[in-house]
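Analysis of the macromolecular model
Listed below are the residues making up each chain.
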Amino acid sequence: MATTAMSPSISFFSSSLFGTSSRRNPKLLSTFKPNSSLKPLKPLSIRSELTAIPILSFAGEKVGETQLSLKSAPSDTARAVVHRGIVTDLQNSRRGTASTLTRGEVRGGGKKPYPQKKTGRARRGSQRTPLRPGGGVVFGPKPRDWSIKINRKEKRLAISTAMSSAAVNTIVVEDFSDKFDKPKTKEFISAMKRWGIDPKEKSMFLMTEVPENVRLSSRNIGTLKMLTPRTLNLYDILNSDKLVLTQETVDYLNRMYGLEAIDEETDDEEDYEDGDEGLGAADNNSDVTE
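Residues numbered from 1 in each chain as written. Predicted model: local features only at pLDDT ≥ 70, side-chain atom pairs only at ≥ 80, totals over all residues. Heavy atoms only, no water.

What about the side chain of Ser240?
- Inspection of the secondary structure assignment puts Ser240 in the loop between α6 (234-238) and β6 (242-246).
- Exposure remark for Ser240: the relative accessible area of 13% places this residue in the buried category.
- In terms of polar contacts, Ser240 uses its side chain to reach the backbone carbonyl oxygen of Asp236, at 2.5 Å.
- Each residue touching Ser240, except ones within four places of it in the same chain, is listed here: Lys202, Ser203 and Met204. (Helix = DSSP H or I, 4+ residues; strand = E, 2+ residues; numbered from the N terminus. Buried < 20%, exposed > 50% of the residue type's maximum accessible area, 1.4 Å probe, protein only. Polar contact = N/O pair within 3.5 Å; in protein donor to acceptor, adjacent residues only side chain to side chain. Contact = heavy atoms within 4.5 Å.)

Put into structure tokens, the structure is as follows:
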């Protein structure tokens, strides 16, 4: 965050609104002095969180440890950064196609239902008034664009901050892509139990590539999300009780979200940040008609 400072040539009293006149007391104005106790804003300091995460084998035994070093926002601004990122993701996932008809757009209603007077009833000029069934809707929703923008660096900082906060509930497992010869949900649930993951709890698996047998074995588990770097998003990170990574994804996170992250933009990053496809691809039911 750049430090902003007032130009010395511009004064609070230089405006004509604060000039002296016959109706203003110059002594009163002379008692006001600019507040010199205000200090310039400090630049946002990014810190790195180094966390040791155990590595488990496919059998559930500890075979080593790995380091997850990600950028993290300061404690006083981390909540705001993550909140802005999650609001952006949820807003951009809205389709904004909800639409209603006003009384001028509803078909019919051109004829006056009954005479204005001598009926003893309330006067009415159309059958399509919002007061009757089948009539128009007052202040109803119309198609609109709900998307909002966020800086690319701010979004990446929000993801890295969320991953750092979830490191206490994160485990790393060895590559198990070749462990499933055929799709078998029962075997996948058994592997989750060996890793100390309750199938009834929400869990997120992050893999660089998801083999077909692994995808088919895990798709019937309603509490599990199988993501790739392309579909990584804030909502699934914060909504999960357990995070499961592989050594390849740990290296990817350290490379892309570490303190010395590369500045080159990959195609996956551009697709996620520009189109926000991560949230939609992770959940096919995320499109909301509102």
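Moving on from the coordinates now.
Some thoughts on the pattern of salt bridges
- Inspection of every chain in the model, using the stated rule, returns five salt bridges.
- We note a salt bridge from Glu65 to Lys62, for which the minimum N-O separation is 3.4 Å.
- Put simply, Arg84 and Glu154 hold a salt bridge, and the shortest N to O gap is 3.2 Å. With Arg84 in helix α2 (residues 78-92) and Glu154 in helix α3 (residues 152-165), this residue pair connects regions lying 70 residues apart in the sequence.
- The class of Arg84 is partly exposed, set by a relative accessible area of 37%.
- What makes Glu154 partly exposed here is its relative accessible area of 21%. (Salt bridge = Lys/Arg side-chain N within 4 Å of Asp/Glu carboxyl O.)

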